[in-house]
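As a plain string of letters, each chain reads:
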Amino acid sequence: MNRRDFLKGLVGTSYVVLSGSSVLAPLNALAASGADASDGWLTTGSHMGAFKMKRKNGVISEVIPFDTDMYPTDMINGIKGLVYNESRIRYPMVRLDFLLKGHQSDTKQRGDFRFVRVTWDKALGLFKDSLDLIQTKYGPSGLHAGQTGWRATGQLHSCTSHMQRAVAMHGNFVKKVGDYSTGAGQTILPYVLGSTEVYAQGTSWSLILEHSKTIILWSNDPYKNLQVGWNAETHESYAYLAQLKEKVAKGEIRVISIDPVVSKTQQYLGCEHLYINPQTDVPFMLAIAHEMVEKNLLDNEFIEGYSLGFDKFLPYLQGQTDGVEKTPEWASKICGVSPEVIRDFAKVLTKDRTQILMGWCVQRQQHGEQPYWMSAVLATMIGQIGLPGGGISYGHHYSGIGVPSSGAAAPGAFPRNLDDGQKQLFDSTDFNGASSVIPVARWIDSILEPGKTIDANGSKITYPDIKMMVFSGNNPWNHHQDRNRMKEAFFKLECIVSIDMNWTAACRFSDIVLPACTTFERNDIDIYGSYANRGLLAMQKMVEPLFESLSDFEIFTRFAALLGEGKAQEYTRGMNEHQWLEMLYNDCKASNEGKFEMPSFEEFWKAGYVYFGEGKPWVRHQAFRDDPEINPLGTPSGLIEIFSRKIAHYEYDDCPGHPTWMEKVERSHGGPGSKKHPIWLQSCHPDKRLHSQMCESTEFRETYTVKGREPVYLNPEDAKKRGIKSGDIVRVFNDRGQLLAGAVVSDKFPQGIIRIQEGAWYGPVGKDGSKEGGAEIGALDSYGDPNTLTLDIGTSKLAQACSAYTCLVDYEKYQGKVPAVSSFSGPIEIAL
Amino acid sequence: MSTDAVNTEPVEVNPVNQVRSTIYQLLSSLFAKEIDHKTLHDLTSEQAQNFWAQLGSESAFKADVNILVAELATLNTDKALLELAADYCGLFLVGTKFSASPYAGLYLDNKPTENGDEPLLFGEQHQQMTQFLKQSQLQVQSEFPEPADHLAVILAYVAHLCIHSDEAVQLSFIEANLTNWLSRFVDKVTEVDNGNFYQALARLTLSWVKSDAEWLASELN
């Protein structure tokens, strides 16, 4: 047929085919007038620092560090990709089987099955219906909305606060205590030093640089970890690290990194390395203490005046209670450090002013309370706690701790809790005999074994029978241990809701997925420098929320409206985004009246920031040292507790009354399980991400991946033995799981050790590498999430914190079918 | 999508161009959103049956038109519509690697620009399409919050050009913005689609655009 005739034949049939509409509209007057008026440079920030951002033609085109940021992180190159990446959740979505069958859906389909787009009204309606059902059928113990995480920055839009306030307006729910980062540390240290220490401001860097002669970095990598902060990070700590580097070069300060691996900080500072076998810090510390006693290197006066219970600890140290004297020879066999080095190290610690800077890794292992407790005991024996440049810190690698605080009052935030007198839709507080608060890392246990009673920090916890989870800006499919066990637990859940910006694994394993916009698609204010509190930062909206995403404020205002007449108004206290920001700012201004000058809100917003100036140098525990009676610690005795009567009274076999070495269920270098799986897996905080945040930033991720996969750092000899070279795809495995990662062979990693940084997005595919089967137990992780392999047990009956660092694996060159990485593409459909 | 830009056409339009425009518009609409009850009704009406029959009379379109008609006939339950919506979602609304997101920028080789790598979404192609639309006093509907290099936007713009510009302009736009990536997109849809509807639609779109470009070229000669 002639083409023209064919087309003519269609005339008359086609007009009414679709009476619909077009995706195009006439250009509106504003856009027609020329360049977008809002194009140009704006100020904003994130955990990664403060930035200037350029908006061009309605799209973020450039991101540069804020003028004051002298040490910006190269993660700034990933910011644009956080907004415009393939993993964005574009619309509210519901898993098809959940939409069809609700709480009777096939939960085994979770993780790789079919979603459909729904309207916001429909999605929020389903969310509310599920909450109704859970509260009616099970009461508040059926709902866990307390798994919360690192969120995005901003005092108004903080997703945790919005979700928990809104869900609390509906009814009560199970919450968590503690966190994955410092679970053991923050539990043990209040018994020993009277505060969590991990989140406390520390001695100012300037005083450390002035007074310390020796600095011990104990499993601590501040150069890596200070790139990010809880609020917009100022990166001022890096100026001090630069000075330290100079002093190391000049021989003015001796820095020793005690670590199984060569850390980024060690490489930067050019400092010394003291290798230690993984998980064996406690025997090493005990032997140092033993040597200090032997050689009388300890400060008896300080021990006497400031601590309690050394006399109860000493018999253990000397082997009178358990028949094992904690000599350097004894420790050496476990920790791999020679007796001579241990003896010498005891001298090094006690010779001059010594600042010990502990990292957090050593407490994320079985009995993770012990290295923290024992390090405090060592610091007490050295006797320099409370002196400038002496003593012990547990936080100088975190959020700018050690940069003096300005002393200004910080702004408030959108409330996380209900207002006084606010009525809930379901006000039952009956948790069916179960606990309403559980240790953060024990929620999977709780889902799997409801009703079980465990010990935790001196209390008995009875696991609630959790039927529904709500996650907001939180990706537990990153930070929790043992994916296969998580799958077993998720099969038991009736409903899971995730609110996030991007299709994290947590979203892919959910039933209702709601798109939140990124930090750069709303207005907010933030504290500039979490501990320095250097000023306030305006977080100016760069672009409108992409696709159908909404701000957390908007999402939960709409949700609150479903709870009844006037509830949205109650939720927002009748204020919109602008009014909230103005109020938070003005309240802060009032608190700082007469002390710190602050301009009007309008002037502040125009400038993008307000500075509070620098703070004064400060020494941790100085007041206590000056007068322990007037300024006691927060311990039961007010003194440093080398022996804790309280803990002893709990009678825990895995956390006795004083620091104790206990063998691990898995330990490399000759320890339990090392014959079968000889390699220790180190899953430290990533260098190029904030936990799992920014893994989805495509172009930036591609700067460090190997064949599109997360790098696994391998020891050269171990790799050679297995026929592996850099660039190969490696299968890492143990009895708990398996993953693929890209080999980077490096002499920074001693034999028997590999590193895969946490935060690598979980992307399960079939066991044999085929596309189907990612939801099944035993699936192969296609990208390299180390928590596919880690062990899901509590640290001890005390903290019940996570033990991700107690993990043995083996690895081989991957010979099977190489699957495409499935982590970043949203839910993957499988053929029926 | 209330305001219909395509309805603002001049009074006298060549009926052949009108029909071409309508077909581009139809294809655009089918990629723009899931099929709901109303669309299903429109696509299965008696009038529509005549249209499909006529369209299928061309051998290049026949096989895929037959599949579409057969698939539409099976959509007689809410569940069937939802299953098709899930196909649509998995193909066009999530991810890029295991799906077939309908953005031109994903299928064209992005050259490095002065700002380094362009992002995957809302990149160079989006900017270019936005400019094209602007030149024609058009923009993407606010109810369609997608990048301007979405296939539905490009097809709708060709529908607009069919009645508002000469054949040379139409052909050069189609060649510069559609035929240079469409076959790669269609391969992806065919590879990823669990069902039959969207791969048939994608193939039909490709054969339609190809034959239309050929026809435009022959008209110009």
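Residues take numbers from 1 onward in each chain, read along the sequence in its written order. Labels follow written order: the first chain is A, the first ligand is 1, and so on. Two thresholds apply to this predicted model, a pLDDT of at least 70 for residue-level local features and 80 or more for giving and counting side-chain atom pairs, whereas whole-chain, interface and lining totals are computed over all residues. No hydrogens and no water enter the side-chain calculation; it runs on all heavy atoms of the structure.

Engineer: When you look at the sheet that holds strand β23 (residues 609–611) of chain A in this model, what are you seeing that I'm missing?
Structural biologist: Whenever strands of a sheet pair, they do so through backbone hydrogen bonds, lying parallel or antiparallel. All names here are of chain A. Pairing between strands requires that DSSP locate at least two bridges from one strand to the other. The helix count covers DSSP runs of H or I at least four residues long, the strand count covers runs of E at least two residues long, and both are numbered beginning at the N terminus. Read from one edge to the other, the open sheet built from 3 strands follows the order β21-β22-β23, with strand pairing classed as antiparallel. The sheet is open, and its two borders are formed by β21 (524–528) and β23, each paired with just one other strand. Going across the sheet, the axis of each strand differs from the next one's by a mean of 20°, ignoring polarity. For β21 and strand β22 (residues 535–539), the ladder comprises 5 bridges, and the chain directions are antiparallel. Bridge pairing links Ile525 to Ala538 in β22. Only the stretch in contact is used when fitting a helix axis, every axis being a line fitted to C-alpha atoms; angles between N-to-C directions are given from 0 to 180 degrees.

Engineer: What should I look at first to understand the side chain of A:Arg709 in this one?
Structural biologist: Residue and element names in this part refer to chain A. By the element assignment, Arg709 lies in the loop between α28 (698–701) and β26 (711–714). Type-normalised accessible area, obtained with a 1.4 Å probe on protein chains alone, sets the label of each residue: buried when under 20%, exposed when over 50%, and partly exposed for intermediate values. Charge assignment: positive for Lys and Arg, negative for Asp and Glu; neither His nor the chain ends contribute. Salt-bridge detection follows one rule: a side-chain nitrogen of Lys or Arg within 4 Å of a carboxyl oxygen of Asp or Glu. Although buried, Arg709 forms no salt bridge, and the nearest oppositely charged side chain, Asp781, lies 8.1 Å from it. As used in this structure description, the phrase polar contact means that two N or O atoms lie within 3.5 Å; if the pair is within protein, one of them must be able to donate a hydrogen and the other to accept it, and residues adjacent in sequence are counted only when both atoms belong to side chains. One polar contact links the side chain of Arg709 to the main-chain carbonyl oxygen of Ser782, over a distance of 2.8 Å. Contact definition: two residues touch when any of their heavy atoms are within 4.5 Å. The contacts of Arg709, once residues within four sequence positions are left out, are Ile729, Leu740, Ala741, Gly742, Ser782, Tyr783, Val818, Pro819 and Val821.

Engineer: Sorry if this is basic, but what is going on with helix α6 (residues 159–170) of chain A here?
Structural biologist: The periodicity of an α-helix, 3.6 residues per turn, causes residues three or four places apart in sequence to face the same way. Residues and elements named next belong to chain A. Spanning 12 residues, α6 covers 17 Å between terminal C-alpha atoms, matching the ideal 16 Å at 1.5 Å per step. Across the 12 residues of α6, 12 count as buried, placing the element largely inside the fold. For α6, every residue scored as buried is listed here: Cys159, Thr160, Ser161, His162, Met163, Gln164, Arg165, Ala166, Val167, Ala168, Met169 and His170. Turning to α6, the residues buried within the fold contact α5 (120–137), β7 (143–144), β18 (468–472), β19 (495–500), α22 (552–561) and α23 (567–572). Here a helix's expected span is defined as the number of its residues, less one, multiplied by 1.5 Å.

Engineer: What's the story with the pattern of salt bridges in this structure? I'm lost.
Structural biologist: A side chain of one charge can pair with a side chain of the opposite charge when the charged atoms of the two come close. All names here are of chain A. The final tally for this structure, using the stated rule, is 49 salt bridges over all chains. In this structure, the salt-bridge partner of Lys295 is Glu291, at a minimum N-O distance of 2.6 Å. Between Arg689 and Glu710 there is a salt bridge, with its nearest N and O atoms 2.9 Å apart. With Arg689 in the loop between β25 (679–682) and α28 and Glu710 in the loop between α28 and β26, the pair connects residues that are 21 residues apart, well separated along the chain. With respect to class, Arg689 is no different from Glu710; both count as buried.

Engineer: Can you walk me through the pairing of strand β27 (residues 729–733) of chain A in this structure?
Structural biologist: Within a regular beta strand, the side chains point alternately toward one face of the sheet and then the other, so they alternate between its two faces. Residue and element names in this part refer to chain A. Burial within β27 is extensive, with 5 of its 5 residues counted as buried. Judged by which residues are buried, β27 turns out to be covered on both faces: Ile729, Arg731 and Phe733 on one side and Val730 and Val732 on the other are all buried. Here β27 pairs with strand β28 (residues 738–745) via 5 bridges, running antiparallel. Its bridge partner being in β28, Val732 is matched across the sheet by Leu739. If you look at the hairpin formed by β27 and β28, you'll find 4 residues sitting between the two strands. Two strands pair when backbone bridges link them, and β27 and strand β32 (residues 808–813) are joined in this way by 4 bridges, in the antiparallel orientation. By the bridge assignment, Phe733 is partnered in β32 with Asp810.

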